[in-house]
Amino acid sequence: MASKTPFAKRLVFLVPLALYTALFAEVYLRILLPQPMMPRYVTDGGDGIRGNLPNARYRHITPEVDVELRINGQGIRADHNLAIPKPEGLTRIAILGDSFFMGYEADLEDSFAGQIESQLAARGVPAEVVNLSVSGFGTAESLVALESRGLTFEPDLVVLEWHSTDPMDNLRSGLFGLDQHGVLRRDNQTYLPAIATRERLMRIPGYAFLIQHSHLYAALRERAGRFVKNLMVMRMPWQRAPEPAPKRFEKAAASEPSPDVSALDRALVRRVQQVAKGAGADFVLFDVPLTFSRTEFATSLQLLDSGFVETLPVLSPLARFRAEASPDNKLYLEEGAGHWSPRGNEIAAELVTDYVLSGRLAPPPE
Amino acid sequence: MLFQTPTFVVFFAIFAGLYLLTQGRLRLQNALILLGSYIFYAAWDERFLVLIIASTATDFLAGLGASGRRLSQQETLQSIGYLIIGSLLPLLPTLPESVGYLAGVVFFAVSLSVLAHLGNRIDEDERRRRYFITLSVCVNLGILAVFKYFNFFADSLVATLAELGVENVSWTTLEIVLPVGISFYTFQTISYSIDVHRGEVEPSEHLLEFAAFVAFFPQLVAGPVERAKQLLPQFFKTRRVEWSAIETGVTLFVWGLFKKTVVADNLAAIVDPIFAAPSSMTSGDLAVGLLAFAFQIYGDFSGYSDMARGIARILGFEIMLNFNLPYFSRTPSEFWERWHISLSSWLRDYLYIPLGGNRKGVAMTYRNLMLTMLLGGLWHGASWTFVLWGAYQGGILVLYRIAGVDAWIRRFGKDATPAARRALDVALTSVMFVLVLLGWMIFRADDLDVLGAYLAGLFDFSRGLTTDRLSDVLFYIAPLLFIQVLQHTKGRLEIFPELPGFARLNLALFVLASIIFMQPSQTVAFIYFDF
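A brief structural summary.

Conventions adopted
Residues numbered from 1 in each chain as written. Chains lettered and ligands numbered in written order. Predicted model: local features only at pLDDT ≥ 70, side-chain atom pairs only at ≥ 80, totals over all residues. Heavy atoms only, no water. Axes fitted to C-alpha atoms, helices over the stretch in contact; angles between N-to-C directions. Helix = DSSP H or I, 4+ residues; strand = E, 2+ residues; numbered from the N terminus. Parallel < 35°, antiparallel > 145°, perpendicular 65-115°, else oblique. Contact = heavy atoms within 4.5 Å. Nonpolar A, V, L, I, M, F, W, Y, C, P; charged D, E, K, R; others polar. Patch = residues over 30% accessible without salt bridge, like charges linked within 9 Å, V, L, I, M, F, W, Y side chains within 5 Å. Areas by Shrake-Rupley, 256 points an atom, 1.4 Å probe, with all protein chains shown as cover. Salt bridge = Lys/Arg side-chain N within 4 Å of Asp/Glu carboxyl O. Core = buried A, V, L, I, M, F, W, Y, C linked by side-chain atoms within 4.5 Å. Buried < 20%, exposed > 50% of the residue type's maximum accessible area, 1.4 Å probe, protein only. Expected span 1.5 Å × (residues − 1). Arc of directions from axis to C-beta. Pairing = 2+ DSSP bridges.

Residue and element names in this part refer to chain B. Close contact between helix H12 (residues 283-314) and helix H18 (residues 418-444) brings their axes to 9 Å; oriented N to C, the two are set at 85°. In this view, H12 runs roughly perpendicular relative to H18, as classed from their interaxial angle. Residues Leu 290, Leu 291, Phe 293, Ala 294, Phe 295 and Ile 297 of H12 lie in contact with H18, whose contacting residues are Phe 433, Leu 437, Trp 440, Met 441, Phe 443 and Arg 444. Looking at the contact of H12 with H18 residue by residue, the class counts come to 11 nonpolar, no polar and one charged.

Below, the structure written as structure tokens:
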């Protein structure tokens, strides 16, 4: 029998119900499952890829950290604009990567970039880090960023992050592909995922407050983002490597990139190296290890062909992480997005510092 | 496909739409159920549909024969035709690699028709009935033996011979994957044939409905192991999708989803590392690991059962309750009346009672209990830890019987005050829970070495009793325990409709929020899919 309650009356009931549901969910999350509040302030960088929103100031708040991120007018995480041209006698280190290199969940002085600067300063080397990293970047976007943004800063050293998310990000961006000879080619000029949507949302009153303070928004955004990312990857050619039959009670192993995807990654890394060297800068590939627990790590470089890796200058904090790891020592944060802790950043920075001090930097062009 | 995945949501949305369109057209609806169930199963591995079809074809004929009827040519041809065509369709896309399977199907079909013909020629009714029931049991147990137990027994034989000094014995082990649900549907079809033989169920004369009963997708891969007298008649009654059934069905499904994705899957992340390396854990960690696993396996299995019941109810079917607050049990016999009820009642009705049950004296009763539980353990998997678990369960059943605990509880209950009865219940339940935990330690250990290490560590208090995992475990089980105490107090499982409106709203929001926000990012398969 059809309900006799008019639709308008039911609608009136639905609106407070929806509001109550949202309030319930917000309280539920705050009490039981506080979300890492890590808003991303990214925008169209003007060169077809994302960039950090210039002059933005925002906080990352998780159960472990409460830090501020300040972006300068050039879209770089720094407290001042970097001089162009490069001042005489200054060593510039361009770092290209994602949220790890950008220093998420860390204050500037505790971040990877900040630690490099302070460690070199303590050793008497005036140095400046040009942090071209943007959360979510893969190698493809790093390459574009170096070419369009980074070279103007005349870096002496280019440090390219290699992370386990890079193969998927490179594929998902669609910026580059390989021709039939395996040569890298630019397939698309833009990759601005959700930027237009975000900018429309930012015009809504209260939205900025939501992204900074609402745990419900953070949780839904995180899940929606993961869902969309998975959908995008499902549309890409992605062949699973044969998986060993899992033992009882074990989850199935994660899939590995197909040979085609690995070739793209190799070509991108090689191109970044070539661009750096072409501009007279040294180049080093930096491994961000995977972590399974406070004492278990593995290199992300396993996702690149080992023969290829041997042809590159590589820095990896893996050995130092393993040496220093203990159940009481957090090198990776655990209640946010799993970035390096201040000590993890410090160890990673030491590698770059040692590399710079070893004199392996290419001499500046005459 | 798993119930908690987007793939199943899409599948069920399409299936439900078509199901609604076929309302009032029973045979068409049953055909849809059969097709949908085969698609559901084929999502795992279409090749193993062949086994379900083989079991169905065999038991369709065996059921008719076991009732005393002679098989008609039409029935035999229908069954053989269904076997060949039904097997051909899933194997065709994988030709020529699957040509071996096809040859096997043809061989099986020829054998089945010959065996059916031979059975038909037996004049004496009782001998003919026994022939067909034997055929059913042999085929189904044969399927189990090959696909589930062959490698286990082969490897065990080689190991035993080596212990006895007979070296260099090599035995071919088969490269066979365990087909999902094999232990469930083979037991379901065996119970059908036996019930027909006993005269408790009329044999199905309609292959379509019988095949749908065997393959009914909500309970195909992880039970409950349905009885024909309960489920089969529902395929012959007109079903209507009704709002009240949708409401309660969805409630059941969501509650099952909560138990699986929020409780079980999160506890899995705590349990797995503890059982992977028990030698490096404190005593406290190992104890917490048992507690976590107890609720992981309960949440996983009872969650699946609830989801299965919920889906079935939406479609107008009622399938049996499989879990009834088992951790509130005071004795082992009570535990087995509440845990995996469909299997324990199957073992009781088709193993324990035919062996003599408790009717042939005390010693035979204990023997029958031990044998039943040993085989019940082995049903769970081809591993000595499962056999040992079965022996353990049989052992505590026997011990409680020797001590006369059940009888003593009944006597005590007659004269005691309600407070005293409650205190006794709490004490007995606590003891029983500890015994269950120790059993789960045996069940969960990958092998005897892990079991040994776990047991040694659990009682090696010099390792320390501290653990930082207890709060996480309590976090995930507290809401479940709260609801279960409510259910236990009210004496009913489906208490949701009885709650006041505002409480219902908040409970529903809590459960839904937990499912949305607390389930792990990586999907975890059901434990009982391994059985």
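Okay, a nonpolar patch on the surface next. Residues and elements named next belong to chain B. On the surface, Ile 84, Ile 85, Leu 88, Leu 89, Leu 92, Leu 95 and Val 99 cluster together into a nonpolar patch covering about 590 Å² of accessible area. Looking at which element gives the most residues to the nonpolar patch, the answer is helix H4 (residues 73-91), with four residues. By secondary structure assignment, the location of Leu 92 is in the loop between H4 and helix H5 (99-120).

Counting 157 residues, the largest nonpolar core has B:Tyr327 and B:Trp440 as its most contacted members. Per element, the largest residue contribution to this core is 17 residues, and it comes from H12(B). Contact partners of B:Tyr327, with chain neighbours within four places excluded, come to B:Ala294, B:Phe295, B:Ile297, B:Tyr298, B:Phe335, B:Trp339, B:Thr429, B:Phe433, B:Val436 and B:Trp440. Counting residues in each nonpolar core, the second largest holds 41 residues, with A:Leu143, A:Val158, A:Leu304 and A:Phe308 among its members.

This part takes up H5(B). All names here are of chain B. Compared with an ideal rise of 1.5 Å per residue, which puts 22 residues at 32 Å, H5 spans 31 Å between its outermost C-alpha atoms and is within 8% of the ideal. Of all the positions in H5, only Leu 102, Val 105, Ala 109, Leu 112, Ala 116, Gly 119 and Asn 120 are classed as buried. Considered in projection along H5, the buried side chains sweep an arc of 115° and stay on one side of the axis.

Once that is clear, we can look at the pattern of salt bridges. This model, assessed by the stated rule, comprises 45 salt bridges over all chains. Notably, a salt bridge pairs B:Arg69 with B:Glu205, separated by 2.8 Å at the nearest N-O pair. Taken together, the positions of B:Arg69 in the loop between helix H3 (49-66) and H4 and B:Glu205 in the loop between helix H7 (182-197) and helix H8 (207-215) put the pair 136 residues apart, joining distant regions of the chain. In this structure B:Arg69 comes out as partly exposed when scored by relative accessible area, which is 26%. Residue classification places B:Glu205 among the partly exposed positions, given a relative accessible area of 46%. Ionic pairing is found between B:Lys260 and B:Asp265, a salt bridge with its closest N-O pair at 2.8 Å. Of the two residues, B:Lys260 and B:Asp265, neither departs from the other in class, the shared state being buried. Connected through salt bridges with shared partners, the residues A:Arg123, A:Arg320, A:Glu324, A:Arg343, A:Glu346, A:Glu350 and A:Asp354 form a single ionic network.

Right, let's get into the sheet that holds strand E10 (residues 282-287) of chain A. All names here are of chain A. If you trace the five strands from one edge of the open sheet to the other, you get E6-E5-E7-E10-E13, paired in parallel fashion. The strands lining the two open edges of the sheet, one partner per strand, are strand E6 (127-131) and strand E13 (314-315). Note that strand E5 (residues 91-96) and E6 share five bridges and pair parallel. Looking at the pairing, Ile 93 lines up with Val 129 of E6.

None of this, on its own, says anything about what the molecule does.
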